[in-house]
Amino acid sequence: MDSLQCLELANRLFPDITETPEDMEARYPARNLPEGAKVTRIAPSPTGFMHLGNLYGALVDERLAHQSGGVFYLRIEDTDAKRAVEGGVRMIIEAFRNFSLIPDEGATIDGEIGAYGPYYQRQRKEIYHVFAKSLVARGYAYPCFCTEEELESMRARQEAAKENFGYYGPYAVWRDRSFEEVMTKLDEGTPYVVRFRSPGDISHKIRHTDLVKGKLELTENDQDLVLLKSDGIPTYHFAHVIDDHLMGTTHVVRGEEWLPTLPMHLQMFQVLGFKPPKYLHTAQLMKIDPETGSKRKLSKRKDPELALSFYRQQGYPSASVLEYLMTMLNSNFEEWRAANPAAPFESFPFSTNKMSASGGLFDLEKLTDVSKNVISRMSAEQVYEEVASWAQEFDPDFAALLTRDPAYSKAILAIGRGGKKPRKDFARWEDVKPYMSFFFDELFCCDRTQMPALPEETICRILEDYQGIYDPADDNQVWFDKLKAMCGRYGLCADMKAYKKDPSAYAGSVADLSMVLRVAITGRAQSPDLAEVCRLLGRERVLKRLCR
RNA sequence: GGCCCGUUGGUCAAGCGGCUAAGACAUCGCCCUUUCACGGCGGUAACGGGAGUUCGAUUCUCCCACGGGUCACCA
């Protein structure tokens, strides 16, 4: 096919396209951003729930852009009609919003913002066609009339012959057909896709430096990949190259599963005369497969527990998830956090060259630890607000109790909070209810089996005696001194050190005495500081519980 | 099968030619302590294997093994 025929073919394929690549360049001028500002994007497809992996990448995108004074935008990759899910876009936006990852530009709940739209790929069809037409005209693309069946049997033959799979070389059956033959097919109305005419050769290697993986030596691409599907919608590969060029993306963050197609993309950037963005191919988040016991990539289908909604349901604060992800991203984050406990998350100097090239295993226990620390830094007020809003959605009964007397709830949550050695009782908002249940008569229930091994009679006497001397006005020291003073009456030892030296000399210790009261009042063997608990419960309720 | 990426303790990880190979989580022990937490101190525990380069390799090169990814008109 000579150049004239290519031009004619281009016009035949895209009769309605009158604009040129130059027109597109003019419509999407380079961004006017300060030196070093990075432009990043999240480009999910609306195929269902958002995954931890999506958040992982998005966090990198967001930090890179906002740390450099650049732009972080959202593009919707809705080119796959078959997998699209109703309300998918809304889910995406809300999921990211829950983690305070707010795009500066792109698709929003109602419409879109920004000058580089449309941000939905289906709405950019004409733009892709402009470039596709140009490629056809230049001989860099051509129609292919193979049916899916033909492609399948080709693949089967390749497998049998142990050859490389795909559409290339002798298998690129429509690559070098005559102009007449192609036109005849077109006249017949045969469906077709538009393929890239790859100038590559697999005996050539290309060098590329990835910001995460480092120096790479890759095999050149020789596959004539599909640019436009038979419905005229682009494949990811083509859309990626066109969009990220036009929208001015400077840094593409994506999972390493894209590494094999990188040569393909680089090649297209070159043929189109675009400057390629910098790439960050992030390591996959892994998990141990419970069935096989081996590490494997997190999968949307197999691991619903890693959907972002899972964390919300259990009540992991979004800040916890973010901080955990950041410890995976930049391992020096923990150190930084320890040195700057009160600093806002955004002030951490995130760096791409600290990112690990190997895959990380998602570790729920580590998340738990990070989360406990995050929550321990919150004020009682903050914890209250967060728990209340979580409970509103996931445990309405508890929410009702919590909000009945906000001051009371906050006072409970304030126990042991703040100071040098804060309690770390909660990793998730789910943990709060069991922790504070005995403060509410509706939830209180006494587990007598937790009582220390003292004679029943002694227990009764302790409870009775304590009623007589209990005074809510006592401070912790006075309160405890009173307990010690009681010990002698039951043959208990008031001095723990002495008791430990010779336990057999006593019936028990002040620890046992405290435990009797604790179990009676809180219903269990563990609780925050008993004196404070009593103060909050109030004299009347304390006495009532002692009577049982 | 081709191509590509990866491999430091149970987990996440520092390391970027010379170190008694950090730290965190988990785990175990001790201390503090009226319980639980918190906190403090300490312990167990690692460079996948083999060649080579080098005075010297966890670090560089090659081979192998293992793990992972990918080869769609899905992204």
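Residues numbered from 1 in each chain as written. Chains lettered and ligands numbered in written order. Predicted model: local features only at pLDDT ≥ 70, side-chain atom pairs only at ≥ 80, totals over all residues. Heavy atoms only, no water.

**Things to note about the pattern of salt bridges**
Put simply, the rule reads: The working definition used for a salt bridge is a side-chain nitrogen of Lys or Arg within 4 Å of a carboxyl oxygen of Asp or Glu. Strands are runs of DSSP state E lasting at least two residues, helices are runs of H or I lasting at least four, and both sets are numbered from the N terminus onward. Categorising residues by exposure relies on relative accessible area from a 1.4 Å probe, with only protein chains included: less than 20% of the type maximum marks a residue as buried, more than 50% marks it as exposed, and the intermediate range marks it as partly exposed.
Considering all chains together, one arrives at 32 salt bridges under this definition. Asp-244 is the partner of Arg-75 in a salt bridge, and the nearest nitrogen-oxygen pair spans 3.0 Å. Pair noted here: Arg-75 is in the loop between strand S2 (71–74) and helix H4 (88–98) and Asp-244 is in helix H8 (residues 236–246), with a separation of 169 residues, a long-range link. Asp-244 carries the same exposure label as Arg-75, and that label is buried. With a shortest N-O distance of 3.1 Å, Lys-433 and Asp-395 are connected by a salt bridge.

**Remarks on the side chain of Thr-327**
As a reminder of what qualifies: Note on contacts: a residue pair is in contact if any heavy atoms of the two residues lie within 4.5 Å.
Relative to the elements of secondary structure, Thr-327 occurs in helix H11 (residues 318–329). If we skip the residues at most four places from it in the chain, Thr-327 touches Phe-333 and Glu-334.

**Looking at the protein's contact with RNA strand B**
Convention followed: Neighbouring residues are identified by heavy atoms, a residue being near a molecule or strand if any of them is within 4 Å of it. In protein, a polar contact means a hydrogen-donor-capable atom and an acceptor-capable atom, both N or O and within 3.5 Å, with residues adjacent in sequence counting only if both atoms are side-chain atoms; elsewhere, any N or O pair within 3.5 Å suffices.
Around RNA strand B sit 61 residues, and of these Thr-79, Lys-229, Glu-334, Lys-366 and Arg-423 come closest. By atom count, sugar and phosphate contribute 68% of the portion of RNA strand B lying within 4 Å of the protein. A distance of 3.3 Å separates a sugar or linking oxygen of RNA strand B from a polar atom in the side chain of Arg-83. Ala-525 has a polar backbone atom sitting 2.7 Å from a sugar or linking oxygen of RNA strand B.

**So, the domain arrangement of chain A**
Selection criterion: Where each domain starts and ends follows an automatic or database-derived domain assignment.
In terms of domain boundaries, chain A breaks down into domain 1 (3–22 + 124–282), domain 2 (31–119), domain 3 (287–376), domain 4 (380–436) and domain 5 (448–546). Using C-alpha coordinates to define each centre, domain 1 is positioned 78 Å away from domain 5.

**Topic: the packing of helix H1 (residues 3–13) against helix H5 (residues 125–137)**
Short version of the rule: Geometry is summarised by axes, namely lines fitted to C-alpha atoms with helices restricted to the contacting stretch, and by angles between N-to-C directions that run from 0 to 180 degrees. Roughly parallel covers angles under 35 degrees, roughly antiparallel covers those over 145, roughly perpendicular covers 65 to 115, and oblique covers all other angles. Asp, Glu, Lys and Arg are counted as charged, while Ala, Val, Leu, Ile, Met, Phe, Trp, Tyr, Cys and Pro are counted as nonpolar; the rest, among them Gly, fall into the polar class.
Between H1 and H5, whose axes approach to 7 Å, the crossing angle comes to 155 degrees. The angle between the axes of H1 and H5 places the two elements in the roughly antiparallel class. Of H5, the residues touching H1 (which contributes Ser-3, Cys-6, Leu-7, Leu-9, Ala-10, Asn-11 and Leu-13) are Lys-133, Val-136 and Ala-137. A class-by-class count of the residues in the contact of H1 with H5 yields seven nonpolar, two polar and one charged.

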